Amino acid sequence: MSARGLAVLLSWLSCCGSALWRYSTNSPNYHIFSTRSTIKLEYEGTSFSEWSVPGTCSVKNKSSPKTELRCFSPGFQTIRPIVTGPDSEEERNLSVDSSHICFLWYYKVINLFHNLTQVIVLWIYDPENADTNELLWNANEPSLYSLILSRQLATLGQKPIIYTTLKRKVYFPHDKMKNGTWRISVPMTSEDVLKEIKGNQVAFQDCFIADFLFLQTFPLLTIPEIPGFLPISSPAGSQLMATWIACVPSYIVVVADMETFQTNDSFRTWIRIRVPPNILTEDERHSISDVNVSRDGIFFLINGVLYIKSFTEFKRLGISENLPNSGIIGITSRKWCWINYLLKAKRRSSMAIWTENEVYLGYTFLKFVKIITTKKLKNLLNISPAATLTIHNVEYPGHPLELALLLNYCTTCRVNKTIYVVIYNEDTEQWVYQDFALDVSIDSFLTPHFIYAAMPELILRDKHRIYYCYHNFTETGVIQTPTEFGNLSRLSNNSIVHDIFMDYYGNVVVKMENNIMFYFKINIRDAIKLHLWTNSTMKSLILLNSSGQIFLIYVFENGTLYPREYPLKLESLSVNFNINEKCPYVAFHNNIFSIFYFLDKGQNLSIWTQIVYPENMGLYIVVESYGPNILQEKDQTHYEIALGYCTKTMTVTFFQNINYEAVDDYFKLQHQNTGLVLVQVRPNEYARACPIAQKVFQIAVGCDSNKFITVKGFNKKDCLQHDFFYVIEKSYLRNQTSKNLRVKYNWKKYGCPLRLDFGEKFHPLLQLYDNNGYVEDVEVNFIVWEIHGRNDYSFNNTMKKSGCLNEAQTWKSMTELNKHLTLEEAWGPENYKHCFSYAIGKPGDLNQPYEIINKSNYNHLVWPEDHSGMYVFRVKILDPNYSFCNLTTVFAIETFGMIPSPSGYLVAAFLFVLMLLFFSILVLSYFHYMRIYKQQIYEPINRYERKQKNN
């Protein structure tokens, strides 16, 4: 928002509600809060007298409610406003750092849709000397100071890169700076969205540049506001509600009691959502009870009916979309982002819809499927038909493929009811009852918030308390407070719980309706009250911005809003300083650099994690896994102690030890041993002062769809890129036909053919690739066949030469054995049996060609020498223990050369016949010409003599 908007906000905050005070810096997200920072103090209220600051700090104007503070010594600095009257204001203990980080990266994105790339323009700026546009993050070019600073650091060797956290790719800037900026081109993507700007370790005046983490995804557009359309909102007096896309947290929809707002950049810019007239009544337009957003549009729940607002229309959903026309009580979507996951089923839902007795899953393109009813749930859970079972609430857990249902169970249903939890797995389509039961009053309503964890762990809230369910429901209870036995309402002037915010670092913030906030971390059983930040009359909500930091959104009665950063880390440190809480360990490290790992056959994954703690604390590392029992684990712990500190290092290896060769049902065994396993690594004890609670990652056991094989030496560049036709002689085909086969060579499919002389044997070398490039040479067995049915080629190795003890499998034997299957399906890893044991196979002719190839057996393809030909081969990995993927590829061979001459006897006979024919023709021609000669000599003389006699 502009400076005018900020002034409106401060005016509003200062005129309403109770007294409080805040602080801010020019650094975004309080990234730099050090002895170099200018800390802006602001008091909100009418009884201000002056600021109380320690001697290590100086204040610009001690008696002004709005002033600037500079601290010259690092450490905790106690700041408090002195007020008139009997009451005193709370003090804060600000943790001032002594870091040498002074500068930050500024970035601006230019979207190029014609080639689906984004140009990220970068420069360096100093928050203490930046201009207003840079501080408000709407600058299009560097200010003069930033321009000079960027060029100065560039001359010292500074050159930024962009590193992607998920796929670990690196992008470098263009060759030269342009107008004091670097430009880096990155592809538009909806997967590799977490990016980090990193620079060289270059200092200027003893100051370095901080790395900057940000979210950059494929551009998502907001729905435009159309003139004449009407506002849509929640009922008057309602608190704010919000929804966002899990993997794009900057794409947010906020519903207030006068408007609905949408943003794609964490409310740096925003628009209002309006609906066309004559579809909803005046009362319906102000009756939103729930909201959800997906790539299909924005879903609104109004009086039990589901509506969708998209770029093209606003319509009611019902029977035609396989949804109920009324009676819907809730909608929800995923809260945690898992970009990668292994799904054996066809698709994964994006939202859930439920009534009291039915649950529906929603997919893209407005596809909805009913998955369960309470009648079926009674049968699954063995509940008496006479009992009452209804759906209380529905939420997606931290697992990327699961859905959790909270169920109401009661018999008389007059005073109390019991809340049960069941979890549905979308991949296996199984329902699992959890060991959890909570007795509450009949009118209680609980909202679940699942933790970012491998196990099903959640926090439940009602109006007054927070319930915890940790470690797969083995530890349950109520979050406690220093007084009032966990009743947060009594500690917040009888206000009720509005919302709970959780992030990926384990922070949990409970916000009350009057803006009082409580803080704890996951796996912690007590909460502390945070300093007051927002007055009780302001409507606000806690959200996550594009840098992964939390911020508050304020909505005003005039239909506008304003985002403001919130320093959760500094506020929690301030409160913890007063209670002197410390983290039980000094350091917790690991080498888990990814949140998603693929394990194929024969592979293993080794991780290590290390904890350092004061001796006699007895800490240890906990490694927990959740999912199908398809992995074995082997761990080893190393222990050291020195200078009063203990160091424990644990190495854990995950692996499979299954032989897939010659089994009864290859595909069934594969299916049983593939799936998704979630793993979390954590210390056995935490505290709120600890930085990160636990590390969570996935291990996907199965086929990585990004894997593929190629034959070395083949490409699509070294030939004339065009399609052509050729003819295969019928006698060269595997299945004898009555006529020759005309084939079209598809260059896009087959690539460039490799031209070989007749006498040149060919040994294919397979190479494995994934989306990161080359992985390895394939050393295991594979087979080849000509896809158009040619069989006028052979192999140079025989079964005997290859070491077979029994007759090996061949294309002929396998096609005869599997006549009901196609050629491609007749032979593969599912029915492969080796020939190197007397116990496998049967005796036979070992002088037959050995048709199995690998990298080391030197088995080559051999060509006929009496004709040239075009061969298109398909390759398939034959080893059943190599990969879960059906790895195949295609390559083409074109043979050429001089056709060899026949035998010498044939040549001599041919020459003899040729010479005999020549001499015969010569003799015959002699007599023929002699006859003609005689006719030409003697006939004229005879003719003259006859003429003389006649005269």
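Definitions and limits used
- Residues numbered from 1 in each chain as written.
- Predicted model: local features only at pLDDT ≥ 70, side-chain atom pairs only at ≥ 80, totals over all residues.
- Heavy atoms only, no water.
- Helix = DSSP H or I, 4+ residues; strand = E, 2+ residues; numbered from the N terminus.
- Rg over C-alpha atoms; globule rule 2.2 N^0.38 Å.
- Buried < 20%, exposed > 50% of the residue type's maximum accessible area, 1.4 Å probe, protein only.
- Disulfide = S-S within 2.5 Å.
- Salt bridge = Lys/Arg side-chain N within 4 Å of Asp/Glu carboxyl O.
- Pairing = 2+ DSSP bridges.
- Axes fitted to C-alpha atoms, helices over the stretch in contact; angles between N-to-C directions.
- Polar contact = N/O pair within 3.5 Å; in protein donor to acceptor, adjacent residues only side chain to side chain.
- Contact = heavy atoms within 4.5 Å.
- Phe/Tyr/Trp six-rings, centres within 6.5 Å; stacked < 30°, edge-to-face > 60°.
- Lys NZ or Arg CZ within 6 Å of the ring centre and 35° of its normal.
- pLDDT = per-residue confidence, 0-100.

Colleague: Summarise the overall build of the chain; cite the residues concerned and give the values.
Modeller: Helices and strands together make up the secondary structure of the chain, namely eleven helices and 63 strands. For the chain, the C-alpha radius of gyration of 39 Å lies well beyond 30 Å, the compact-globule estimate for 951 residues. Taken along the three principal axes of its C-alpha coordinates, the chain extends 175 × 75 × 75 Å. A buried classification covers 50% of the 951 residues belonging to the chain.

Colleague: Provide a residue-level description of the state of the cysteines, including the pertinent values.
Modeller: Scanning the model with the defined rule gives seven disulfides in all. Its sulfur unpaired, Cys469 is 20 Å from the next cysteine sulfur, which belongs to Cys410. Judged by relative accessible area, Cys469 falls into the buried class, the value being 1%. The closest cysteine sulfur to the non-disulfide-bonded Cys646 is located on Cys583, 15 Å from its own sulfur.

Colleague: Could you give an account of the pattern of salt bridges, with specific residues and numbers?
Modeller: Applying the stated rule across the entire model yields 25 salt bridges. Among the salt bridges present, the one from Lys167 reaches Glu191, with a minimum N-O distance of 3.1 Å. Residue Lys167 is located in the loop between strand S10 (161–164) and strand S11 (170–171), and its partner Glu191 is located in the loop between strand S12 (182–187) and strand S13 (194–198); the two are separated by 24 residues in the primary sequence. Assessed through its relative accessible area of 24%, Lys167 is described here as partly exposed. Here Glu624 makes a salt bridge to Arg682, at a shortest N to O gap of 3.0 Å.

Colleague: Got a sec to walk through the sheet that holds strand S31 (residues 402–410)? Specific residues and values, please.
Modeller: What holds strands together in a sheet is hydrogen bonding between their backbones, with the strands either parallel or antiparallel. Strand order in the open sheet made by the four strands is S30-S31-S32-S33, with antiparallel pairing throughout. Of all the strands in the sheet, the pair left with one neighbour each is strand S30 (388–395) and strand S33 (430–441). Each neighbouring strand pair of the sheet contributes to a mean axis angle of 25°, computed without reference to strand direction. When S31 meets strand S32 (residues 416–425), the two strands line up antiparallel, connected through eight bridges.

Colleague: Provide a residue-level description of the side chain of Arg92, including the pertinent values.
Modeller: By the element assignment, Arg92 lies in strand S7 (residues 92–96). According to the relative accessible area criterion, Arg92 is buried, its value standing at 0%. In this structure the side chain of Arg92 is engaged in a polar contact, spanning 3.0 Å, whose partner is the side chain of Glu571. Residues within four places of Arg92 in sequence aside, it is in contact with Trp21, Arg22, Tyr23, Gln77, Thr78, Ile79, His531, Leu532, Trp533, Glu571 and Ser574.

Colleague: Could you give an account of the pairing of strand S25 (residues 314–317), naming the residues involved and the relevant values?
Modeller: In this structure, strand S24 (residues 305–309) lies alongside S25, joined through four bridges in antiparallel fashion. Counterpart to Ile308 in the pairing with S25 is Lys315. The turn linking S24 back onto S25 is made up of four residues.

Colleague: Got a sec to walk through the packing of aromatic side chains? Specific residues and values, please.
Modeller: Within this structure, the stated rule accounts for 54 aromatic pairs. Note on Trp105 and Trp182: the rings are 5.8 Å apart at their centroids and 70° apart in plane angle, and the pair reads as edge-to-face. Residue Trp105 is located in strand S8 (residues 101–112), and its partner Trp182 is located in strand S12; the two are separated by 77 residues in the primary sequence. Trp182 shares its class with Trp105; the two are buried. Ring pairing ties together the aromatic residues Trp21, Tyr23, Tyr30, Phe33, Tyr43, Phe48, Trp51, Trp533 and Tyr566, which thus form one cluster. Here the basic side chain of Arg92 rests over the ring of Trp21, its NZ or CZ set 4.7 Å away from the ring centre. Its guanidinium or amino end placed over the ring of Phe896, Arg755 lies 4.4 Å from that ring's centre, counting from NZ or CZ.

Colleague: Tell me about the side chain of Gln680, and please be specific about residues and values.
Modeller: Topologically, Gln680 is positioned in strand S51 (residues 675–683). According to the relative accessible area criterion, Gln680 is buried, its value standing at 0%. Polar side-chain contacts of Gln680 include one of 2.8 Å to the backbone nitrogen of Ala454. Looking at Gln680, its side chain comes within polar contact range of the side chain of Glu624, at 2.6 Å. If near-sequence neighbours (up to four positions away) are discounted, Gln680 is found in contact with Ala453, Ala454, Met455, Glu457, Val622, Val623, Glu624, Gln694, Lys695 and Val696.

Colleague: Any chance you could break down the confidence of the model for the chain for me, citing the residues and the numbers?
Modeller: Per-residue confidence for the chain averages 91 on the pLDDT scale, and 96% of its residues sit at or above 70. Confidence drops under pLDDT 50 across residues 1–17; counting only partners more than four residues distant or on other chains, this segment forms 29 contacts.

Colleague: Give a description of the sheet that holds strand S47 (residues 604–614) that names residues and reports values.
Modeller: Taken in spatial order, the four strands line up as S45-S47-S50-S49 in an open sheet, and their pairing is antiparallel. A single partner strand is all that each edge strand has here, and the edge strands are strand S45 (587–590) and strand S49 (632–642). Taking the axes of each pair of neighbouring strands and ignoring which way they run, one obtains an average angle of 15° across the sheet. As defined by bridge partners, S47 adjoins strand S50 (residues 645–655) across eleven bridges and the pair is classed as antiparallel.

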